[in-house]
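Read off the chains here:
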Amino acid sequence: MSENRIRVRFAPSPTGYLHVGGARTALFNYLFAKKTGGTFILRIEDTDRTRFQEDSLKEIFDSLKWMGIEWTEGPEKGGDFGPYIQSERLDIYKEYAQILWDRGQVYPCFCTPERLEKMRKEKELRKEQHGGYDRRCREISKEEAQKRIDAGEPYVLRLKAPLEGSISFVDGIRGEIETPVTMVDDTVLMKTDGYPTYHLASVVDDHLMEISHVLRGDEWIASTPRHILLYKAFGWQPPVIAHLPVILSPDGGKLSKRKGAASVMDYKRAGYLPEALLNFLSLLGWNPGDDREIMSVDDIIEAFDMNRISAKPSVFDEDKLTWMNGQYMEHYDSAKLLADVEPMWAEKGLPVADFSAGYKEHVVSLFRVRCKKVTEFGENGGYFFKDPEDYDAKQAGKQFTTAVKPAFDKIVEKADGVADWNRAALEGLFHGIADELGMSAGKINPAVRLAVTGVGGGPDLFDMLELLGKDCVKRRVAAASAWIEKNV
RNA sequence: GUCUCCAUCGUCUAGCCCGGCCUAGGACAUCGGCCUUUCACGCCGACGACAGGGGUUCGAAUCCCCUUGGAGACGCCA
């Protein structure tokens, strides 16, 4: 094993579902690890007890697994750098906070949330540059501080940030980013409840877990100077830090549930395939450098290059995702699709249990090219399991004429004579009947389609008739003939 | 408000770092057409962008500055 091994992590907070922006961050970390032969680590950042949601953990795990983004170290997998859940690492953070305490790099702050809020409000009124902490407790003497701590007064630990100059770091995607220290106040490292803040926990963990590259969302850019300060305080070498651009909704704002689906599982429910979502997400803010768009994960990994990640935010275009999904659908494994589709059919009350898996897969394969989302299968194809109960009114008016009735009757009559019920034989039969009656096939075929399905569009007629079988076709065409008798 | 980041077709983007090959390429969407005795797929075509203004240069989408616009951050949230 080489000395400079690549180790990356995805570190979500279990505060809800995994949204597509988070999934993209996870994906890029995963791709980078795979490309470089590195390790992809999952770490749970649950240091905010007030926002923690138990279900969220499962939701995040399921979302990642569904997309095929498998972590090699982390919860459920273990590893040499665990535990991978921050609430189980409290002693570690305390230990490292103590180190900073001993070095005089942090100080206790007794300011109450109420006072801080008041201070912020006043600052805002005075139109000061920004609402950072006013450092009131920074000058409290060690003796007095100790006295107040001993007296049981609640406090947080704050990092002593420099009072002048600027802090800069080289972003892996954007290059150098310099921040004036006026924007960086004395960051809270330990909260009153004894939990670390994100800043302390992630820096300590990234160091201890030997993370080589931090690839995260760009909402962290403004916090990075604080992290740099922390690395300095500890005397550690920071990892390469790179910030991914945000994903926006079509109206330009943040992608949210209100503007349609936003969580990975919502897209699953909406009928998208994991491969398509992954492919689509990979092309948001990145491209392989050539014109390829439909790419397997392996293709993407092969082509992946951090240098080609863009700094520009991108809009999540669901139309393009839908198109891409259709592309995947066309060649997707029928059995796999059926697993998702069958419950949809069953839910509509179709007697799917009465049909063989082979038959159902065949139905799926007939519709595959025509559907862009898995959910569309559920909306179509009912007539493969049940005779049509009525006919599309507009189509019926056009197709069901007294002129086609003789053709229907001939089909019923001659069907038994067809030895091999396949599309070639059926085409022959239909042509024969058309000739016999002096009709064009263009007249008969659409009418038969309507008779058999009840609707005007769908898979190739003869493929359908072959699959439906002789008895079924005879029955339905006869029913349509009777319908004409009665209604026309 | 302050700070930071970003800026090529409606959208995703190539080209930008290392100026000329850009008459700015591809994809989605849209609109036409072809294929098809349905629908879809597929194929062909059309529409369509270097945010604006200054520089630098023989030459700028590419480098610099300003303006404008957008996004993010400014918590004992992550």
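The rules we used
- Residues numbered from 1 in each chain as written.
- Chains lettered and ligands numbered in written order.
- Predicted model: local features only at pLDDT ≥ 70, side-chain atom pairs only at ≥ 80, totals over all residues.
- Heavy atoms only, no water.
- Domains from an automatic or database assignment.
- Contact = heavy atoms within 4.5 Å.
- Buried area = accessible area lost by both parts, 1.4 Å probe.
- Salt bridge = Lys/Arg side-chain N within 4 Å of Asp/Glu carboxyl O.
- Polar contact = N/O pair within 3.5 Å; in protein donor to acceptor, adjacent residues only side chain to side chain.
- Nonpolar A, V, L, I, M, F, W, Y, C, P; charged D, E, K, R; others polar.
- Buried < 20%, exposed > 50% of the residue type's maximum accessible area, 1.4 Å probe, protein only.
- Helix = DSSP H or I, 4+ residues; strand = E, 2+ residues; numbered from the N terminus.
- Pairing = 2+ DSSP bridges.
- 1 Å grid on protein atoms, 1.4 Å probe; cavity = no way out; pocket = protein on both sides within 12 Å on 5 of 7 lines; lining within 4 Å.
- Points joined across faces, edges and corners; volume = space filled by probe spheres on them.
- Phe/Tyr/Trp six-rings, centres within 6.5 Å; stacked < 30°, edge-to-face > 60°.
- Lys NZ or Arg CZ within 6 Å of the ring centre and 35° of its normal.
- Core = buried A, V, L, I, M, F, W, Y, C linked by side-chain atoms within 4.5 Å.
- pLDDT = per-residue confidence, 0-100.
- Axes fitted to C-alpha atoms, helices over the stretch in contact; angles between N-to-C directions.
- Right-handed = clockwise from strand over helix to strand, strands pointing away.

Participant: Looking at this structure, I do not really get the domain arrangement of chain A. What am I missing?
Facilitator: Put simply, an interface is often sized by how much accessible area is lost when its parts join up. Each assigned domain of chain A is listed with its residue range as follows: domain 1 (7–88 + 247–315), domain 2 (90–244), domain 3 (334–384) and domain 4 (393–487). Contact residues are listed per partner, giving 8 residues for domain 3 and 12 residues for domain 4. Around 850 Å² of area is buried between domain 3 and domain 4 when both sides are counted, 73% of it from carbon and sulfur atoms. Counting the surface domain 3 buries against domain 4, the share from its top three residues, Leu-366, Tyr-383 and Phe-384, is 63%. Between the two partners, domain 3 and domain 4, sit 0 salt bridges. Viewed at the interface, domain 4 and domain 3 are joined by 2 residue pairs in polar contact (both at pLDDT 80 or more). Among the residues forming the side of domain 3 that touches domain 4, the class breakdown is 6 nonpolar, 1 polar and 1 charged.

Participant: What exactly am I supposed to notice about the pairing of strand 3 (residues 106–109) here?
Facilitator: A regular strand places its side chains so that they alternate between the two faces of the sheet. Burial along strand 3 is two-sided: Val-106 and Pro-108 facing one way and Tyr-107 and Cys-109 facing the other are all buried. Here strand 3 pairs with strand 4 (residues 156–159) via 4 bridges, running antiparallel. By the bridge assignment for strand 4, Cys-109 is matched with Val-156.

Participant: I keep staring at empty space enclosed by the protein and nothing clicks. Help me out?
Facilitator: Think of a ball as big as a water molecule: rolled over the atoms, this probe shows where empty space is left. Enumeration according to the criterion identifies 1 cavity of 30 Å³ or more in this entry. Estimated volume of the largest cavity: approximately 30 Å³. If you go around the largest cavity, the residues you meet are Ser-202, Val-203, Asp-206, Arg-216, His-227, Tyr-231, Pro-239 and Ile-241. At 3 residues, the largest contribution of residues to the lining of the largest cavity is made by helix 6 (residues 198–208). Residues of the lining of the largest cavity, tallied by class, amount to 4 nonpolar, 2 polar and 2 charged.

Participant: So what exactly am I meant to see when it comes to the packing of aromatic side chains here?
Facilitator: The relation between two aromatic rings is expressed through the spacing of the ring centres and the mutual angle of the planes. Inspection of the entire model under this criterion finds 24 aromatic pairs. Measuring from centroid to centroid gives 4.9 Å for Tyr-391 and Phe-400, while their planes differ by 80°, and the two rings are edge-to-face. Overall, the relative accessible area of 15% leaves Tyr-391 in the buried class. Using a relative accessible area of 2% as the deciding quantity, one classes Phe-400 as buried. Linked through ring pairs, Tyr-267, Tyr-272, Phe-280 and Phe-316 together constitute an aromatic cluster. The ring of Phe-110 has Arg-148 sitting right over it, with the charged end atom 4.2 Å from the ring centre.

Participant: How do you make sense of helix 19 (residues 461–468) when you look at a structure like this?
Facilitator: In an α-helix, one turn spans 3.6 residues, which is why side chains three or four residues apart end up on the same side. Of all 8 residues in helix 19, 6 are buried; the element is thus mostly enclosed. Among the residues of helix 19, Leu-461, Phe-462, Met-464, Leu-465, Leu-467 and Leu-468 are the ones counted as buried. Those residues of helix 19 that are buried lie in contact with helix 13 (357–367), helix 17 (423–437), helix 18 (441–453) and helix 20 (470–487). Capping the start of helix 19 is the job of one residue whose side-chain oxygen sits 3.1 Å from the backbone nitrogen of Phe-462: Asp-460.

Participant: I tried to follow the side chain of Asp-205 on my own but got confused; where do I start?
Facilitator: Residue placement: Asp-205 occurs in helix 6. Since its relative accessible area comes to 0%, Asp-205 is described here as buried. Polar contacts involving the side chain of Asp-205 include one to the side chain of Gln-86, which spans 2.8 Å. Once residues lying within four places of it in the same chain are set aside, the contact partners of Asp-205 are Arg-43, Gln-86, Arg-89, Tyr-93 and Glu-210.

Participant: How should I be thinking about the nonpolar core in this particular structure?
Facilitator: Formed by 107 residues in total, the largest nonpolar core has its most connected members in Leu-281, Phe-316, Phe-384 and Phe-408. Residue contributions to this core peak at 9 residues, all from helix 1 (residues 20–36). Other than its neighbours up to four places away in sequence, Phe-384 contacts Phe-355, Tyr-359, Val-363, Leu-366, Phe-367, Met-464, Leu-467 and Leu-468. With 36 residues, the next largest nonpolar core counts Tyr-84, Tyr-93, Ile-167 and Tyr-195 among its residues.

Participant: Explain the layout of surface pockets to me, please; I cannot follow it from the model alone.
Facilitator: Estimates place the volume of the largest pocket at around 1400 Å³. Lining the largest pocket are 45 residues, with Ser-13, His-19, Arg-51, Glu-219 and Trp-220 positioned closest to its centre. Going through the elements one at a time, strand 1 (7–10), helix 1, helix 6 and strand 8 (213–217) are the ones with two or more residues in the lining of the largest pocket. Top contributing element to the lining of the largest pocket by residue count: helix 1, with 5 residues. Class assignment of the residues belonging to the lining of the largest pocket gives a composition of 19 nonpolar, 13 polar and 13 charged. Each of two domains, domain 1 (7–88 + 247–315) and domain 2 (90–244), supplies a minimum of three residues to the lining of the largest pocket. When its volume is computed, the second largest pocket comes out at roughly 410 Å³. Lining the second largest pocket are 21 residues, with Lys-348, Gly-381, Gly-382, Tyr-383 and Thr-453 positioned closest to its centre. Each residue belonging to the lining of the second largest pocket can be placed in one class, and the counts come to 6 nonpolar, 7 polar and 8 charged.

Participant: Honestly, the confidence of the model for chain A in this entry has me stumped. Any pointers?
Facilitator: If pLDDT is low for a region, its predicted coordinates should not be looked at in detail. Per-residue confidence for chain A averages 91 on the pLDDT scale, and 97% of its residues sit at or above 70. Model confidence for the complex: the whole-complex pTM is 0.92, and ipTM, which rates the interface, is 0.94.

Participant: Looking at this structure, how should I read the sheet that holds strand 4?
Facilitator: Whenever strands of a sheet pair, they do so through backbone hydrogen bonds, lying parallel or antiparallel. Reading across from one edge, 3-4-7 is the order of the 3 strands in this open sheet, with antiparallel pairing throughout. The sheet is open, and its two borders are formed by strand 3 and strand 7 (188–190), each paired with just one other strand. For this sheet, the mean angle separating the axes of adjacent strands, direction not counted, is 45°.

Participant: Explain the pairing of strand 1 here, please?
Facilitator: Burial along strand 1 is two-sided: the face carrying Arg-7 and Arg-9 and the face carrying Val-8 and Phe-10 are both buried. Considered for its hand, the β-α-β crossover made up of strand 1, helix 1 and strand 2 (residues 39–42) is right-handed.

Participant: I would appreciate a short explanation of unusual backbone geometry in the present structure.
Facilitator: With the exception of glycine, most residues fall at negative phi, and the peptide bonds are largely trans. A positive phi angle, near 65°, is found at Arg-135, a position not held by glycine. Assignment of secondary structure puts Arg-135 in the loop between helix 4 (113–125) and helix 5 (142–150). The phi dihedral of Glu-210 is positive, around 55°, even though this residue is not glycine.

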